[in-house]
Amino acid sequence: MSLVLQGIVTGILTGGVYALMAAGLTLIFGVMDIINIAQGAFVILGAYLSYWLSVHLHIDLFLGLFITIPVMFVLGVILEWLLIRPLKRDRTQLSILVTYALAIIIEGLLYFFFSADNVKLFAWYTTQSIPVGPFYLPLIYLLAFALSVVLLAALYVLLYRTKFGRSVRATTQNRAAALLIGIDVERVAALTFGVGVALTAAGGMAYGATTPFTPNSHYDLISRLLVIIIFAGMGSLGGALIASVGMLVIENVTSLLWSPVWASTVFYVLLVIILLVRPQGLFGKFATRNQ
Amino acid sequence: MATVAHTQTSAGQPGRSGAGRWKPFQIVFWLACLIAAIVFPLVFSSPAITTIAFFTLVFAAAGTAWNIFCGYSGYIALGHAVFFGSGCYTIAILCAHWHIAGGWLPFAVVPLAGVAAAIVAVPFGVVALRTRRHTFVVITIAIFFIFQLLAYNLRGITAGSSGLELPIPPWSGYVFNLPFYYVILVILILAVVTSWFVRHSKYGLELLAIRDDEDRARGLGVRTGLVKLSAFMLSAFFVGMCGAVWAYFVESIYPNTAFDAQFDVLIALMAFLGGLGTIAGPLLGALILQPVTQYLTISIGQSGLNLVVEGVIFLAVILLLPQGIVPAVRELIFRRFARRDAMPVAPAPPAPAAVAPATEPNPPDSVAAERS
Amino acid sequence: MTGQYSKRFYRVFSFFGILACLAMTLAACSTGGGSSSSGPITIGISLSTSGDFSADGKAFTQGYQLWAKDINAKGGLLGRQVKLVFLNDASSPQQVTTNYQTLITQDKVDLLFGPFSTLLTKPASVIANRYGYALVEGAGGGPSVFTQGLHNVFDVSLPVANNLNSFANYIAAMPAATRPKSAAYATEDDPFTQPQVDSARAILEAAGVTTAYYKVYPAETTDFTPIAAGMVNAKAQVVVTGTLLPDVSAFIQAFHQQHYNPEAFIATAGPDQGTQFLQSIGGAATAEGIMVPNGWYPDLNAPGNAQMVSEYIAQYGGTKSDISSDVPEAYSVGQVIAQAVTQNNSLDQTKLIATLHSGTFQSVQGPVKFDSTGQNTQAQAYLFQWQNSQLIPVFPANVATAPVEFPKANWPA
């Protein structure tokens, strides 16, 4: 029983990290109607930036975020302006292709600069753990979860307590109407893309501190992130949180009680069933948006 | 208005003014392509080149088949690797079960692999086709992963991660690729002809109507569920045959190479590159993309920069020609002729308005953004 | 309308411009090789510089290049210099198929070296067979490579399935009083790892070591926490993992965090990868006591080994424990093929295949003699353990430089 409890607890903690990555993805979709296939590649890029800072400049992983988050934000804004804004027609479909191209460009550059070696992020706290009842909780999981909570709270404040947040939400609800009431939709889109990408800097650091990675790792990530946000209902931020945690908990418990080889099958089957009952996802508002 | 013009796929639409004089050119063009394809491996006989040509035709055929469903109905599926993989495993299992030796005989199993894939498409389609747009895209991805996991885990049938082997044909290296090349060429021709017949039939118009406005199409009496599912199966049948020939060619298959996520992305990319919903589009896309990626991997793959160059090419294509090469070129030619004839500007062809009143598959808001 | 027209025209125009440039680049890149009897001997190799096998691909490239450098310094092969032609296969069997055909028919290479992994060796060996080439390889040891009925594939390394047996035999031979009572097994679903784990489990169970945990997990797993938690919970004294580098380092971190100290810990692969291993677990202190089976170690008394080790350090830096065991696997391929070619005094592939089947060869991994399926019958599995920042042989006794550290030291604080 304590084993299942442990599975649930670690599932919640790692789920928090996935929530951080998925939040950016679903936010970008909500505002811009585009599916960012490069989100996984941005996570890995963020992890490599943290790696570079910690190995070459000996900057602590968490302190390094004060550098990597702004860098990734600026990168996001530039890429939106360069690659996403020119897409005028069939945005959703074309965005899949554009961001896929972006993902393989990032992967190729990472091979070029960092080689294909497995790397992992280290700091004094990555191997520490705290006794909780019959088992130990890894300190890095707790720290990463705390980081997710802080950043997601900041995101909440940004979206619900600022003027920019109002513009974002207005654009999510109805782009044309937002345009009509004088919201600079393009600026909102650029900043949103920047924020979504900036979140991956933190997600990447947390991911790299718990799992070894290579430039190739983004394929495994993006498929899970996509499934999470569809499960939640695309554009739903709170839903992405719950779905991330739910996915990790289900996988952990299945692999503890049954077998790891069926862990993701259970989740995918659940996803298919839920989409059949609620095609808009668990927390999605629109059944067939714009159709 | 111009935006409406190029969303219309128009490979010689019957009864279209101005299109009639294209007919002879088109026939000559397709015949030339056919002859070029037939003599190609005889002229460029190096196995290194015919290997790439073979893989290119596999993708061209699979892309054409993908387009029969996805291009015409507007449902973007990223799960066709399920059919490819089903084809691979069907031929491997049947050859082992019936003790078929390497040679011509395994090719006889290829249509069975197609049938198996079409059968797999029934439950897949029944489940996935109840959803639309993004949900459909992602549900196909999810179902794809379920199948890949089954291939790993049903060890009794698939041998799990150890993979399966196919019989090895006794042919020598310098002629080895030819039978494979011509078999896949036949499949490709069948796929193109099927695609053409679908496009020029009432059935095809029903698919296009679904793309343009599914609810309205149903209102007009199109049996949308049946039309979608049958097109899905047709598409799966050809992709399954491609998988079977591919498997026989590479001779060993594994869950992650038969059910390959990159296959899903690649055929979609090829269709988009050439022009979604056009007959020549997926062909042209495969013809450009497959040799280019294989060559890039060989020539500059040592540094990992092949991925960068590939990505930059994709970006350039999508940003410069967002509607694909075939529609862009066609429109260019069409406009040139329209000008020379000093016709009053008439770029917008008469849309098949009776069937498809709403010709714009875009979300309305993005249209608004464009016109602003 | 005219403005729009010309804009579109330029778009189409510039697209074809890009395409034309690309075509020219490709034309410039494609090198028409061709062998002559006086120029260098060309050797064709496909390795992965991207995708799943890219880390190993890099180490293999180093091994092949070191061998080429050495043999050229000694005056080459049959008096001719050796030139390696590398192609990238992006870890894809389809690309491997294209690559070996390109190497054989376009570059007209004289000899072929194998790719990395069982998965890529299978298609490569089929292609080589089709053109009558011998495929000598060092990292395609999965059982299915040798059951294809081909006579042209030769693996200079250890047959995979028996890798862990030396470890299992060591445990089984312990006196009953100190012998561990239970073991936990977890293996990746992979043709390289799982047969080894199953074979070790059979030996251990026969010796009375009960199985407290046995799980297979998918190769794509990124979150190893639940599997690690299951093993920790089983509280077994012995842990056997069928892993490659990423998963073994994740397990080590999880065990470390959970303060779970098994008495013996062995992994099929990962701890043999020198610096990469130490980097991914956070230093040599954590590695203390971890075991791995292998056919090679830096101090192995085998022909050319000392030289290869010193040259590796001179070229790539680091210490001898930084050398991945991929490097000698690749190096041995070169040595074996060179001996066979020299013996024949010819590059003829039919003769080469016959000689490879009949002869006995020397390599940095020890003696090599192939059975009829191409597996190396002389290869010996040694048991290695990290002790004081060095990976040293500990079993069997005739090669051991130190006794096995049992029980394994606790994780560092």
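Residues numbered from 1 in each chain as written. Chains lettered and ligands numbered in written order. Predicted model: local features only at pLDDT ≥ 70, side-chain atom pairs only at ≥ 80, totals over all residues.

A. Representation of the overall build of chain C. A tally of helices and strands in chain C yields 14 helices and 14 strands. Against the 2.2 N^0.38 benchmark of 22 Å for 413 residues, chain C shows a C-alpha radius of gyration of 24 Å, consistent with a compact globule. Expressed as a percentage of the 413 residues in chain C, the buried residues total 57%. (Helix = DSSP H or I, 4+ residues; strand = E, 2+ residues; numbered from the N terminus. Rg over C-alpha atoms; globule rule 2.2 N^0.38 Å. Buried ≥ 20, exposed ≤ 12 C-beta atoms within 10 Å, placed from the backbone.)

B. Quick look at the overall build of chain A. Secondary structure summary: chain A contains 11 helices and 2 strands in total. The secondary structure elements of chain A, listed N-terminal to C-terminal, are α-α-α-α-β-β-α-α-α-α-α-α-α. Since a compact globule built from 291 residues should have a radius of gyration of about 19 Å, the 19 Å found for chain A is in line with a globular shape. Viewed in the frame of its principal axes, chain A has a C-alpha envelope of about 60 × 50 × 35 Å.

C. Examining the interface of chain A and chain B more closely. At the interface, 46 residues of chain A touch 45 residues of chain B. Going through the elements one at a time, helix 4 (91–114), helix 7 (175–180), helix 9 (218–232) and helix 11 (260–277) of chain A are the ones with two or more residues in the side of chain A that touches chain B. The biggest single contributor to the side of chain A that touches chain B is helix 4 of chain A, with 16 residues. Grouping the constituent residues of the side of chain A that touches chain B by class yields 30 nonpolar, 9 polar and 7 charged. (Contact = placed C-beta atoms within 7 Å. Nonpolar A, V, L, I, M, F, W, Y, C, P; charged D, E, K, R; others polar.)

D. Region of the structure containing the domain arrangement of chain C. All names here are of chain C. The assigned domain composition of chain C is domain 1 (41–161 + 303–369) and domain 2 (162–296 + 383–395). Once you take the C-alpha centre of each, domain 1 and domain 2 turn out to be 29 Å apart. The residue inventory of the side of domain 1 that touches domain 2, partitioned by class, reads 9 nonpolar, 9 polar and 1 charged. (Domains from an automatic or database assignment.)

E. Focus on the packing of helix 2 (residues 54–73) of chain C against helix 13 (residues 326–344) of chain C. Residues and elements named next belong to chain C. The N-to-C vectors of helix 2 and helix 13 enclose an angle of 40 degrees; their axes lie 7 Å apart at closest approach. By the criterion of interaxial angle, the relationship of helix 2 to helix 13 is oblique. When the axes of helix 2 and helix 13 are compared, the crossing they make is right-handed. Here Asp56, Ala59, Phe60, Gln62, Gly63, Tyr64, Leu66, Trp67, Ala68 and Ile71 of helix 2 come into contact with helix 13, specifically with Asp326, Val327, Pro328, Glu329, Ala330, Tyr331, Gly334, Gln335 and Ala338. Counted by class, the contact of helix 2 with helix 13 contains 12 nonpolar, 4 polar and 3 charged residues. (Axes fitted to C-alpha atoms, helices over the stretch in contact; angles between N-to-C directions. Parallel < 35°, antiparallel > 145°, perpendicular 65-115°, else oblique. Left-handed = near helix turned anticlockwise from the far one by under 90°.)

F. Examining the sheet that holds strand 1 (residues 41–47) of chain C more closely. Residue and element names in this part refer to chain C. Taken in spatial order, the 3 strands of this open sheet run 2-1-3, and their pairing is parallel. A strand with exactly one partner marks an edge of an open sheet, and here the two such strands are strand 2 (82–88) and strand 3 (111–112). Bridging between strand 1 and strand 2 involves 7 bridges; their strand directions are parallel. Among the inter-strand pairings, Thr42 is bridged to a residue of strand 2, identified as Lys83. Across the face of the sheet, helix 3 (residues 93–106) comes into contact with strand 1, strand 2 and strand 3 while running at roughly 175 degrees to strand 1. (Pairing = 2+ DSSP bridges.)

G. Looking closely at the packing of helix 8 (residues 225–234) of chain C against helix 9 (residues 245–257) of chain C. All names here are of chain C. Close contact between helix 8 and helix 9 brings their axes to 10 Å; oriented N to C, the two are set at 50 degrees. On the basis of their axis angle, the class for helix 8 and helix 9 is oblique. Considering how the two elements wind past one another, helix 8 and helix 9 form a crossing that is right-handed. Packed against helix 8, whose contacting residues are Thr225, Ala228 and Val232, the element helix 9 presents Phe251, Ala254 and Phe255 at the interface.

H. Seen up close, the nonpolar core. Ranked by size, the top nonpolar core spans 351 residues in total, and within it Ala61(B), Ile184(B) and Val245(B) carry the most contacts. When residues of this core are assigned to domains, at least three fall in each of domain 1 (41–161 + 303–369) and domain 2 (162–296 + 383–395) of chain C. Ignoring any residue separated from it by four or fewer positions in sequence, one finds Ile184(B) in contact with Phe54(B), Leu57(B), Val58(B), Ala61(B) and Val245(B). (Core = buried A, V, L, I, M, F, W, Y, C linked by C-beta atoms within 7 Å.)

I. The confidence of the model for chain C, seen in detail. All names here are of chain C. Residue-level pLDDT values for chain C average 85, and 91% of them are 70 or greater. Between residues 24–35, whose pLDDT stays under 50, and residues either more than four places distant or in other chains, the model counts 12 contacts. This prediction of the complex comes with two scores: 0.83 for pTM and 0.81 for ipTM. (pLDDT = per-residue confidence, 0-100.)

J. Structural view of the confidence of the model for chain A. Per-residue confidence for chain A gives a mean pLDDT of 85, with 97% of residues at or over 70. Per-residue pLDDT stays below 50 along residues 287–291 of chain A; that stretch engages in 8 contacts with residues further than four places along the chain or on separate chains.

K. Geometry of the pairing of strand 8 (residues 238–242) of chain C. All names here are of chain C. In terms of burial, strand 8 is largely enclosed, as 5 of its 5 residues are buried. Burial along strand 8 is two-sided: the face carrying Val238, Val240 and Gly242 and the face carrying Val239 and Thr241 are both buried. Here strand 6 (residues 182–188) runs beside strand 8; their pairing, made up of 5 bridges, is parallel. By the bridge assignment, Thr187 is partnered in strand 8 with Gly242. Where strand 8 lies against strand 9 (residues 264–267), 4 bridges are found, and the strand directions are parallel.

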